[in-house]
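# Descriptive analysis of the structure
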Amino acid sequence: MRMEGKLATLRPIEVTDSKKFVELINDERTKDYLSGVFPINEFMEEEWIKKNAITHNAVNFAIEVGGNLVGSAGLMAIDWVARSAEYGIAIFDPAYWDKGIGTEVTHMMLKYAFEYLNLNRVWLRVFENNQRAIRVYEKCGFIQEGRMRQARYLKGQYIDVIIMGILADEYWRMKSEF
């Protein structure tokens, strides 16, 4: 499935994307906002892409802007009984930050989650130092549900991890306001 927005396109991730992902993910500016602190190589990224392509508990998309691969977005740990999933998005290329792409992609992913997969809850984890992402999530209807105190260590300090979520009825209510 491909989803086209005004700013970005979501498409299935291909193994051939691994080289560009490795280049982008290993950038120190990006690592500050990602869970992983270890470097990755092309083999590791290819294996991740292959593993996630065959699971029924995750759906991942590449984010393209003007034909350039700039990030990824996905639903992970999908629980088909509780109808819930964890959302993750990363715009790895800093040249594409602060352009509204994250907001548009998050709207497209919520549409996919609630209108195609019939999920009831989408939740996420965000580091408290990522104020740009927190604003995007709030704009898209996520509300803060909790906080894991000092759950992330980065460059000599501990950072809280914020848990945010949105329910299907909140999504539908918000959508009807547009």
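Residues numbered from 1 in each chain as written. Predicted model: local features only at pLDDT ≥ 70, side-chain atom pairs only at ≥ 80, totals over all residues. Heavy atoms only, no water.

### Observations concerning the pattern of salt bridges
- A complete count under the given rule lists eleven salt bridges for this structure.
- Across the pair E4 and R2 runs a salt bridge, and its minimum N-O distance is 3.3 Å.
- The exposure class of E4 is exposed, given its relative accessible area of 54%.
- Judged by its relative accessible area of 48%, R2 falls in the partly exposed class.
- A salt bridge links R132 to D98; its shortest N-O distance comes to 3.9 Å. Of the two residues, R132 sits in helix α5 (residues 131–139) while D98 sits in the loop between β5 (84–91) and α4 (101–116), which places them 34 residues apart along the sequence.
- On the accessibility criterion, D98 (61% relative accessible area) is exposed.
- One network of salt bridges, with partners in common, ties together R11, D17 and E64. (Salt bridge = Lys/Arg side-chain N within 4 Å of Asp/Glu carboxyl O. Buried < 20%, exposed > 50% of the residue type's maximum accessible area, 1.4 Å probe, protein only. Helix = DSSP H or I, 4+ residues; strand = E, 2+ residues; numbered from the N terminus.)

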